[in-house]
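As a plain string of letters, each chain reads:
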Amino acid sequence: MTENPSRRTFLKLPAGAAVLAAPGVLLSATSPNDTVSVACIGVGVRGSFLLQQMMKVPAVRIAAICDVSPAALKAAVEAVEASGPKPATYDDYRKMLDERKDIDAVVIATPVPTHATIAVACLQAGKHVYCEKPMGRTPEECRTLVKAAQSAKGIFQVGFQLRHDPNRHAAMDFVHRGGIGDVLFLQGYRHTRDLSARASAWYFDRTLSGDIIVEQACHILDLCVWAIDKNPLRAFGSGGINLFKDRPAGRTVMDNYSVIWEFPDDIRVNFSQLYFDPPEFSGVKERVFGSKGAIDLPTATWIEREKKGPIKLDVPDAGKEASYVSLEAFIDNARNKRLPLNNAESALRSTLMAIMGRKSIYEHRVVSWEEVSA
């Protein structure tokens, strides 16, 4: 199995978040012409992609890169040098935070177990923070990060980039304006092929990754709670490992599951995920059904209940990469100290929804919102 050494070896970092003595320098500029100094922590598969997208954002300087993998650092530095000054390099994020007071914002794309620890340290250092999803594996990790974000000088944005995807954003705006009437039901699935050839070892350990419902599905569940804008009441589901038993060796994450969440006003969300989908068979689907019709979020296409034929919405910025738009919004939020669309509180609700579903699957019972939110 091919591993991503950068994300794997970050697991060797200490578990405790250091409280730094001196806060970092907050971005004081509000003009889009002023340069924002950004540091990237974790430049493996996902982190290197975010780095590429961040380099495209206007008036941004990649000031530092941190990764415990020399190979990942080398590749990231070469990518930055191809179009700008060489960034400083570190293999310890705490040393970087302590030495580089010029850094305004930080992008975190390390393995899931380190998200909360590193994000809290960066917030305590006074930085603006963009942290990849999920924000944590447990309610406790999530609440620790929310608390840090609430008291931080910088803004905190979670990598739920689908909120910034042009099609989905336009579709959700249509839903919120009452375009499909009252929201009644949501359906989604993430059916893909085996990921063992490209995923890291930690991904297949559910105690490290949070299992696929937290590590992966939280993206789509985030869209569901965005549409409903309420906390779920209860969840009940079932799942397991049907095909990829001990593949790779020691695997504990599921390869399939299905969960139903009940929300106030008798709204339900039905979601399933599996990793043995034949090529081009099903894929990814996110749909919202309302009293006037239904809408497909990825295509921004809706159908009225009493009429035939799909209606394509007008989509501003159609075709733009969601991660780029999300990072562009992050820099704008940092400049203007604006609450992000994908902020700590909204991310908490979405992540707890995923944790509810996981708990129901593991314990073979109905799980209430109070059990994960208390």
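Look up: the structure comes first, before these words.
This is a predicted model, so every value here is computed, not measured.

Requested: an account of empty space enclosed by the protein, with residues and values cited.
Here the structure, examined in full by the defined rule, presents one cavity of 30 Å³ or more. Forming the walls of the largest cavity are Leu186, Gln187, Gly188, Ile220, Leu223, Cys224, Glu286, Arg287, Val288 and Leu297. At the level of secondary structure, the elements contributing two or more residues to the lining of the largest cavity comprise β7 (183–191), α10 (218–228) and β11 (283–290). Its residues placed into classes, the lining of the largest cavity shows six nonpolar, two polar and two charged.

Account for the environment of Glu99, naming residues and giving values.
Mapped onto the fold, Glu99 is located in helix α4 (residues 93–99). Within polar-contact distance, the side chain of Glu99 engages the side chain of Tyr90 at 3.0 Å.

Which residues make up the pairing of strand β12 (residues 293–296), and what are the values?
Pairing between β11 and β12: three bridges, direction antiparallel. Within β12, the position partnered with Val288 by the bridge is Ile295. Connecting β11 to the next strand, β12, in antiparallel fashion are two residues. In the sheet, β12 pairs with strand β13 (residues 301–304) via four bridges, with the strands oriented antiparallel. Bridged to Asp296 within β13 is Thr301. What sits between β12 and β13 in their antiparallel hairpin is a turn of four residues, with Ala300 showing a positive phi close to 50 degrees.

I'd like to hear about the pattern of salt bridges, residue by residue, with values.
Applying the stated criterion to the full structure yields 24 salt bridges. With a shortest N-O distance of 3.3 Å, Arg168 and Asp165 are connected by a salt bridge. For the pair shown, Arg168 and Asp165 are each scored as buried. Between Glu371 and Arg365 there is a salt bridge, with the nearest N and O atoms lying 2.6 Å from each other. Each of the salt bridges in this network shares a partner with another, and the network as a whole consists of Lys359, Glu363, Arg365 and Glu371.

Tell me about the side chain of Lys133, and please be specific about residues and values.
Within the secondary structure, Lys133 sits in the loop between β5 (128–131) and α6 (139–151). Leave out the neighbours within four places in its chain, and Lys133 touches His115, Val158, Gly159, Phe160, Glu215, Gln216, Cys218 and His219.

Any details on the side chain of Asp222? Residues and values, ideally.
With respect to the helices and strands, the residue Asp222 is situated in helix α10. Those residues in contact with Asp222 that sit more than four places away from it in its chain are Phe160, Arg163, Ser346 and Ser350.

Account for the sheet that holds β7, naming residues and giving values.
What links the strands of a sheet is backbone hydrogen bonding, and the strands pair in either a parallel or an antiparallel sense. Pairing is mixed across the open sheet formed by nine strands, whose spatial order is β14-β13-β12-β11-β7-β10-β9-β8-β15. The two strands at the open ends of the sheet, each matched to only one other strand, are β14 (311–312) and β15 (367–368). In the sheet, β7 pairs with β11 via eight bridges, with the strands oriented antiparallel. Counterpart to Val183 in the pairing with β11 is Gly290.

Before we move on, can you summarise the sheet that holds strand β4 (residues 105–108) with the specific residues and values?
As summarised here, the arrangement of the six strands in space is β3-β2-β1-β4-β5-β6, forming an open sheet in which the pairing is parallel. Each edge of the open sheet is held by one strand with a lone partner, namely β3 (88–90) and β6 (156–158). Strand-to-strand twist across the sheet, computed as the mean angle between neighbouring axes with direction ignored, equals 20 degrees. Pairing of β4 with β5, which is carried by four bridges, proceeds in the parallel orientation. The residue of β5 that forms the bridge with Ala105 is His128.

How would you summarise α6 if you had to cite specific residues and measurements?
An ideal rise of 1.5 Å per residue puts 18 Å on 13 residues; α6 measures up with 19 Å between its terminal C-alpha atoms. Those residues of α6 lying buried are Pro139, Glu141, Cys142, Leu145, Val146, Ala148 and Ala149. For α6, the elements touching its buried residues are α5 (115–124), β6, α12 (344–363) and α13 (370–373).

So what about the nonpolar core? Which residues, and what values?
Soluble globular proteins: nonpolar side chains tend toward being buried together. In terms of nonpolar packing, the biggest core is built from 88 residues, with Met96, Phe156, Leu186, Ile213, Tyr257, Trp261 and Ile295 touching the most fellow members. For Tyr257, the residues in contact, after removing those within four places along its chain, are Ile212, Ile213, Ala217, Ser238, Gly239, Phe271, Ser272, Gln273 and Ile361. Core analysis: the second largest hydrophobic core is formed by 26 residues, Met54, Leu327, Phe330 and Ile331 among them.

Criteria and cut-off values
- Residues numbered from 1 in each chain as written.
- Predicted model: local features only at pLDDT ≥ 70, side-chain atom pairs only at ≥ 80, totals over all residues.
- Heavy atoms only, no water.
- 1 Å grid on protein atoms, 1.4 Å probe; cavity = no way out; pocket = protein on both sides within 12 Å on 5 of 7 lines; lining within 4 Å.
- Points joined across faces, edges and corners; volume = space filled by probe spheres on them.
- Helix = DSSP H or I, 4+ residues; strand = E, 2+ residues; numbered from the N terminus.
- Nonpolar A, V, L, I, M, F, W, Y, C, P; charged D, E, K, R; others polar.
- Polar contact = N/O pair within 3.5 Å; in protein donor to acceptor, adjacent residues only side chain to side chain.
- Pairing = 2+ DSSP bridges.
- Salt bridge = Lys/Arg side-chain N within 4 Å of Asp/Glu carboxyl O.
- Buried < 20%, exposed > 50% of the residue type's maximum accessible area, 1.4 Å probe, protein only.
- Contact = heavy atoms within 4.5 Å.
- Axes fitted to C-alpha atoms, helices over the stretch in contact; angles between N-to-C directions.
- Expected span 1.5 Å × (residues − 1).
- Core = buried A, V, L, I, M, F, W, Y, C linked by side-chain atoms within 4.5 Å.

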